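Notes for the structure review
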Amino acid sequence: MNDSPRRTPPFPLVLLRFWFMRILPVWCGIALVIFLMQIAVCAIVHDNQSVKTLLKFIDLLPAIVKSALGGQSLQAGNTPGLIVIGYQHPLVLFLYMFFAVGVPTGLLTGEVQKGTMELILSRPVTKTQVYVCAGIPALVGMFALVMVMFLGTVVATSIYDLGEPIPLDMFFRMAINGGLLASAVGAVSLLSAALFRGRNTAVGAAVAFLVVNYFVAIIAEWWPRMRSLEPFTLFHYVHGQQVVTGWPIGNIAVLTAILLIAAISGGIVWQHRDLPL
């Protein structure tokens, strides 16, 4: 009788590569739209008449919508503040949410529902390795999308003469901070995918979490009674003057902690789930 300990199978690079290639077309499409959005915003800011028209339009919007686009920074002459619109535009945020929620739930819960998870687990692979294979494309993909957004700003500011030096170091800090937020959102979606048996339920839970966080963060900016709740939202840690003047170490630490807690918790839950279902 062989009493040697059971060996852990080698990491399934084939599965990781397969899932990377599976989400690559979607990632490229989203990255292209986000990249072009930054160029389009800089093109508008470059034209003084377009800026005046844009600001007049923004002034007609409800206060909550104006806050979501940048609030008091949206003023003529504040070129960096106007460029930030491309980072906070609802279309950009929707694309991030679509990727952050769709990829983890599709690779985990989706595979369970389709019955292909049984085939995957029939190979020499552990559930933890499967979870990691789903987490890497989700978290890396989200962070990479934010860096593409920053690259769009770099390219756009080199194409258009905006009349003043643009602090690209500030936008880089915003991109890094935003990348951690995006990856934290991906980790929360991983946890949701590990917790719930149905993909629709997992998607609904993750979307509800993000919508509530975003709603509270925006409402708190103009309703004092809600401000006490703002520090409990993810989006609180990507705003503020800290990122303008230097590295927001506190925000980075909080987002990193949320990312790790959500990702590790999801892995523990997934490990103890009764799979295949």
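With that out of the way, let us pick up the overall build of the protein chain. Helix and strand content of the protein chain: 13 helices and 0 strands. In the protein chain, the succession of α and β elements from N to C terminus is α-α-α-α-α-α-α-α-α-α-α-α-α. For the protein chain, the proportion of its 277 residues judged to be buried stands at 47%. Pairs at least 24 residues apart make up 77% of the contacts formed inside the protein chain by residues separated by at least 6 positions.

Turning next to the nonpolar core. In a soluble, globular protein the nonpolar side chains are often hidden away together inside. Trp19, Tyr96, Phe99, Leu108, Val130, Phe171 and Trp270 are the most contacted members of the largest nonpolar core, which has 74 residues in total. With 14 residues, helix H10 (residues 168-195) is the single largest residue contributor to this core. Once residues lying within four places of it in the same chain are set aside, the contact partners of Leu108 are Met117, Val130, Tyr131, Ala134, Leu190, Ala193 and Trp270.

Another aspect to go through is helix H13 (residues 249-272). Helix length check: H13, at 24 residues, gives a terminal C-alpha distance of 35 Å against a target of 34 Å (1.5 Å per residue), a fit within 8%. Regarding H13, the residues found buried are Asn251, Ile252, Leu255, Leu259, Ala262, Ala263, Gly266, Gly267 and Trp270.

Moving on to the side chain of Arg173. Counting through the fold element by element, Arg173 comes out in helix H10. Classification of Arg173 by relative accessible area gives buried; the value is 8%. Apart from the residues within four sequence positions on either side, Arg173 is in contact with Val243, Val244, Thr245, Gly246 and Trp247.

Another point: the confidence of the model for the protein chain. The predicted model of the protein chain has a mean per-residue pLDDT of 81, with 84% of residues at 70 or higher. Mean pLDDT per element in the protein chain: helix H3 (residues 63-69) is the minimum at 51, and H13 is the maximum at 91. For residues 72-77, every residue scores under 50 in pLDDT, and the model assigns this stretch 13 contacts once sequence neighbours within four places are set aside.

Another aspect to go through is the packing of aromatic side chains. The tally for this structure, following the rule as stated, stands at 5 aromatic pairs. With 5.4 Å between their ring centres and 65° between their planes, Phe150 and Phe172 make a pair best called edge-to-face. With Phe150 in helix H9 (residues 127-159) and Phe172 in helix H10, the pair connects residues that are 22 residues apart, well separated along the chain. In this structure Phe150 comes out as buried when scored by relative accessible area, which is 15%. Since its relative accessible area comes to 31%, Phe172 is described here as partly exposed. Ring centres 5.2 Å apart and planes at 75° place the aromatic pair Tyr214 and Phe235 in the edge-to-face group.

Summed over the entire model, instances satisfying the criterion amount to 2 salt bridges. For Asp169, the salt bridge is made with Arg173, and the minimal N-O distance between the two is 3.4 Å. Of the two residues, Asp169 and Arg173 both sit in helix H10, 4 residues apart, roughly one turn of that helix. On the basis of relative accessible area, Asp169 is assigned to the partly exposed category, the value being 46%.

It is the contact of helix H6 (residues 90-107) with helix H11 (residues 199-219), at a shortest axis distance of 10 Å, that shows an interaxial angle of 150°. The crossing of H6 and H11 is right-handed. Residues Leu93, Met97, Val101, Gly102, Thr105 and Gly106 of H6 lie in contact with H11, whose contacting residues are Arg199, Ala202, Val203, Ala206, Val207, Leu210 and Tyr214. Of the residues in the contact of H6 with H11, the class split is 9 nonpolar, 3 polar and 1 charged.

Time to look at the side chain of Glu230. Among the secondary structure elements, Glu230 is positioned in the loop between H11 and helix H12 (242-245). Assessed through its relative accessible area of 14%, Glu230 is described here as buried.

Glancing now at the environment of Ala31. For Ala31, the position within the fold is in helix H1 (residues 13-46). The exposure class of Ala31 is buried, given its relative accessible area of 7%. Sequence separation of Ala31 and Leu145 is 114 residues, and the distance between their C-alpha atoms is 5.8 Å. Setting aside its immediate chain neighbours within four residues, Ala31 contacts Leu145 and Val148.

Here the focus is the packing of H10 against H11. The N-to-C vectors of H10 and H11 enclose an angle of 145°; their axes lie 8 Å apart at closest approach. The two elements H10 and H11 cross, and the hand of that crossing is right-handed. Of the residues in H11, those in contact with Val185, Val188, Ser189, Ser192 and Ala193 of H10 are Ala202, Ala205, Ala206, Phe209 and Leu210. Tallied by class, residues from the contact of H10 with H11 come to 8 nonpolar, 2 polar and no charged.

Conventions and cut-offs
Residues numbered from 1 in each chain as written. Predicted model: local features only at pLDDT ≥ 70, side-chain atom pairs only at ≥ 80, totals over all residues. Heavy atoms only, no water. Helix = DSSP H or I, 4+ residues; strand = E, 2+ residues; numbered from the N terminus. Buried < 20%, exposed > 50% of the residue type's maximum accessible area, 1.4 Å probe, protein only. Contact = heavy atoms within 4.5 Å. Core = buried A, V, L, I, M, F, W, Y, C linked by side-chain atoms within 4.5 Å. Expected span 1.5 Å × (residues − 1). pLDDT = per-residue confidence, 0-100. Phe/Tyr/Trp six-rings, centres within 6.5 Å; stacked < 30°, edge-to-face > 60°. Salt bridge = Lys/Arg side-chain N within 4 Å of Asp/Glu carboxyl O. Axes fitted to C-alpha atoms, helices over the stretch in contact; angles between N-to-C directions. Left-handed = near helix turned anticlockwise from the far one by under 90°. Nonpolar A, V, L, I, M, F, W, Y, C, P; charged D, E, K, R; others polar.

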